[in-house]
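# Structural overview for review
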Amino acid sequence: MKLIVTGATDGIGKSYAHELAKRGFNVVILSRTLEKLQKVAEEIEQRSGRKVKIIQADFTGGAEIYPKIEEGLKDLDIGILVNNVGMASQERQQRFLDTRNLDKVIEDMLNCNVQSMLQMIRIVLPRMEERKKGLIINIASEAGTRPYPQVSLYCATKVFMDFFSRSLNLDYICNGIDVQCVMPLMVSTNMTKNLRTNLLVKSADDFAREALNTVGLTNRTSGCLSHSIQSYLIDLFLTEYVMNSKITAWIATFTFQTLMKHRKLD
Ligand SMILES: NC(=O)c1ccc[n+]([C@@H]2O[C@H](COP(=O)([O-])OP(=O)(O)OC[C@H]3O[C@@H](n4cnc5c(N)ncnc54)[C@H](OP(=O)(O)O)[C@@H]3O)[C@@H](O)[C@H]2O)c1
C-alpha cells in the first residue's frame, strides 16, 4: 500500500512523508525540484527502509500537468493522499492590490492551493472507492478559519480546502474513506522563514507526528495541542465584531507594513 504526499521536499510535507514511511508505507513524493526529490527519496529509503517513487511536477501549472501525474500513479495501490503543497504570495503579507504580478499570483495560487487538491483527489479517489478504504489529508491553515488581514487570497484558498474537505467527507465516509482537514498555525518551515520553534511555533517533524496521531479521532483539526489551544483562544478574543472593526484593520496594516519595512532593510 502506498501513500502520496504533494510538496514533499521541505517543511510539513517532507515530515509527513518521513513519518508515514516510518509507520510502514511506501511513498510517492511530488514537488517541483528534481534534485530535492532525489535527495529526500534517498533519505526516506535509508531511514525507513521503505520504497520511494518520485514525480516531478510544478503545481502552479493548470490541468495540463495532471496526465503525467496520472500516468506515474497508474497501477499503484494508493491508500493515503496528503494534499500538502501550497504557496503564499512572495512577500506573504500585503493588501490584495499591493501584490506584485497580481494576475500571475492569482493564477498560480489557485492552481497550487486549490486545483492541485481537486485534481489529486480526482485521480486517486476512484480506486479508494473500489477498495472501500482510503484516507485523504488536506493541509489547509488556521488562515482559512476566519478572515485575516493582508493575506486575503491565501485565506480564501484555505477556506475552500476546509469546506471542500468537510463536504467530501460527508459524501464518502460511508464508503470507508476518511477526509481530514488539518489547519496549522505557525510551523517552522521555509514558508515561515524558519521561525525559531517554541511553545507556539512547532517544528515540522513534531507537527506531522502529532497531526498524524489525530487521524481517526477527528476530521477537522489544528493538528496539535498547542495550535488547538491557540485557535480556541483566538476564537474567544478575536470575534467577528473585533476582526471586522476599522481599528483592528488599521492596527494590522500598520503592524504588517512596519514588519515588511524592517524585512526589506535586513
Ligand atoms: N508553515 C506554516 O506555518 C504553515 C501554516 C499553515 C499552513 N501551512 C500549509 O502547509 C503546507 C506546507 O507548507 P510548508 O510551510 O511546509 O511549506 P515549505 O516549507 O515552503 O515547503 C513547500 C513544499 O512544497 C513544494 N512546492 C512549493 N511550490 C510548489 C509548486 N509550485 N509545485 C510543486 N511543489 C511545490 C516545495 O518543493 P520545491 O521547492 O522543490 O518545489 C516544498 O517541498 C502549505 O499548504 C501551507 O499553506 C503552513
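Residues numbered from 1 in each chain as written. Predicted model: local features only at pLDDT ≥ 70, side-chain atom pairs only at ≥ 80, totals over all residues. Heavy atoms only, no water.

## Section: the packing of aromatic side chains
Threshold: Here is the rule: rings of Phe, Tyr and Trp (six-membered ring for Trp) pair when centre to centre is within 6.5 Å. Planes less than 30 degrees apart are stacked, more than 60 are edge-to-face, and the remainder are tilted. Each residue's exposure class comes from its accessible area (1.4 Å probe, protein chains only) as a fraction of the maximum for that residue type: buried when under 20%, exposed when over 50%, partly exposed otherwise. To qualify as a helix, a DSSP run of H or I must reach at least 4 residues; to qualify as a strand, a run of E must reach at least 2; elements of each kind are numbered from the N terminus.
Inspection of the entire model under this criterion finds 2 aromatic pairs. An angle of 40° between the planes, with centres 6.3 Å apart, marks the rings of F59 and Y66 as tilted. A residue is classified by how much of its surface remains accessible, and F59, at 3% relative accessible area, is buried. Aromatic side chains F160 and F164 sit 6.2 Å apart centroid to centroid with 15° between the ring planes, which places their arrangement in the stacked category. Pair noted here: F160 and F164 are both in helix α5 (residues 152–172), with a separation of 4 residues, about one helical turn. For F160, a relative accessible area of 36% puts it in the partly exposed group. Judged by relative accessible area, F164 falls into the partly exposed class, the value being 25%.

## Some words on helix α7 (residues 225–237)
Where we set the bar: To estimate the expected span of a helix, subtract one from its residue number and multiply by 1.5 Å. Summarising the geometry, the arc corresponds to the directions from the helix axis toward the C-beta atoms.
If you check α7, its first and last C-alpha atoms are 19 Å apart, about what 13 residues at 1.5 Å a residue would give, namely 18 Å. Of all the positions in α7, only S226, H227, Q230, S231 and I234 are classed as buried. Angular distribution of buried residues about the axis of α7 spans 130°; they occupy a single face of the element. Among the exposed residues of α7, those pointing more than 90 degrees away from its buried face are L225 and Y232.

## Points about a nonpolar patch on the surface
Our working rule: Residues enter patches when they are more than 30% accessible in relative terms and free of salt bridges; like-charged ones are connected within 9 Å and nonpolar ones (Val, Leu, Ile, Met, Phe, Trp, Tyr) within 5 Å. Surface accessibility follows the Shrake-Rupley procedure with a 1.4 Å probe radius. Residue values consider only the protein chains on display as shielding. Each salt bridge in this description consists of a side-chain nitrogen of Lys or Arg and a carboxyl oxygen of Asp or Glu lying within 4 Å of one another.
A contiguous nonpolar patch, built from L225, I229, Y232, L233, L236 and F237 and spanning about 660 Å² of accessible area, is present on the exposed surface. Tracing the chain through its elements places L225 in helix α7. When its relative accessible area of 59% is taken as the criterion, L225 is described as exposed.

The quantities given are spatial measurements derived from coordinates; they are silent on function.
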